[in-house]
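Listed below, chain by chain, are the residues.
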Amino acid sequence: MRNLDAFLSLADFEAAARRRLPHAVFEYVVGGTEDGLSVRANRACFDALPMRPRGLAGVAGRSQSVSLWGMAYPSPVGIAPMGVTAICRRRCDMALARAARSRGLPYVISGASCVALEEIQADPGGAWYQGYFPGDTQRLQRIIERLKRAGIEVLVVTSDTPVAANRENNQRNGFTIPFRPSGSLLLDGLRHPRWSMEVFFPTLFKDGIPRFMNLYEEPGPAITAEPAHGFRGGRDLLTWEHMRWLRDHWQGKLVVKGIVHPRDAQMAVRCGMDGIIVSNHGGRQLDGAMAPLTALPAIRDSVPDDFAVMLDGGIRRGTDVLKAVALGANMVFIGRPALYGAAVAGEAGAGKVLDILHAEIDRNLALLGCGQIENLNADYLDPIQLGRFVGKRLD
């Protein structure tokens, strides 16, 4: 266990994860697609939007708690779905789930995760489920029956993965999903003995090769094999009609992830969704796609005030969270930073990442002059730069 007191920011965890993980593994986590335009844009838009603090505001009784669908959360931050995290930490999905649950925050388990959703629901419980769904209602029916049996209450459908993205960085590093072992990858692992001794060998000897446990209606094959229906079989057939079908057959909360266009947000409302996640898949699908923060204002304006609009992509500081909330996000999700924390120190590391963000949000609310996060709005942002987001200058 590392001395976590030495980690002062999310960037500290990223630097430590870079040292700890084999090059190919770290590049798989950190990388985007093609030229990495979307990955960089996700960060740049936060940096380009200054905040406009107020003074003498009386901020002694600060609160960052939020409510979503009648559920109270102590902070507007959750952990986003991430697949194949077992390459960073043995049983990493469980570490992420426990870190979030112990802090009363949402965790979204990925369909491409490696710990069975039933096990996570048994302890710690409370997970949302994110699916990569095929356009086949018979298979959808079998999948949602599994989710119902496990007690999943929030179903998140990813909309931006109809085909595989062009992740050239992974191909150059010889790292693919399904995973294909090679001599260069073996040498990469040997150069990182701590990862080999704490992740690779314990996983192999105690659990066997990690499996795609939650892709479909039953546990899938090892990450070295192609699933029976194909890793992306039928996703290019998925339409809004399938969302309407899911609404008729799923009684829990239903969310569409991967929205960056206002008309898609409006379609989600018309199809009876309970919310959306504004996202470009962390820059890992279409390179050059709009950054979520840039897309957020027009989306927020296009849907009813009580419709849940969430966001992921590029968040690295508490001020980033506040900027997203000021532009209308009800909740935000972090992916890579939580995974860096788990890679370094398991549940404790992922929890420390959440604690750092919580402390930064509290401090920055005070410095911004807004004691209650529910009162945060665009008035706390630079009107000139904000105008670039919404197409006009705001005073």
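In short, a report on the structure. All residue numbers refer to positions counted from 1 along the written sequence of the respective chain. Two thresholds apply to this predicted model, a pLDDT of at least 70 for residue-level local features and 80 or more for giving and counting side-chain atom pairs, whereas whole-chain, interface and lining totals are computed over all residues. Hydrogens and water molecules were not included; the side-chain quantities draw on all heavy atoms of the structure.

Quick word on unusual backbone geometry
Most peptide bonds adopt trans geometry, and most residues besides glycine take a negative phi value. Of the consecutive residues Asp123 and Pro124, the connecting peptide bond is found in the cis state with omega at 20°. Position of Pro124 relative to the elements: it lies in the loop between helix H5 (117-122) and strand E5 (128-131). At Glu34, a residue that is not glycine, the phi angle is positive and equals roughly 45°. Despite not being glycine, His281 has its phi angle at roughly 65°, a positive value. Buried means the residue's accessible area, taken with a 1.4 Å probe over protein chains only, is under 20% of the maximum for its type, while exposed means over 50%, and partly exposed covers the values in between. A relative accessible area of 11% places His281 in the buried class. Strands here mean DSSP runs of E at least two residues long; helices mean DSSP runs of H or I at least four residues long; both are numbered from the N terminus.

Re the pairing of strand E10 (residues 331-334)
Residues Met331 and Phe333 point to one face of E10 and Val332 and Ile334 to the other, with burial holding for every one of them. One ladder, built from 3 bridges, connects strand E3 (residues 77-79) with E10; its direction is parallel. Paired with Ile79 across the bridge in E10 is Ile334. Direction of pairing for strand E9 (residues 308-312) relative to E10: parallel, over a ladder of 3 bridges. Bridge pairing links Met310 to Met331 in E10. Only when DSSP finds a minimum of two bridges between them are two strands counted as paired.

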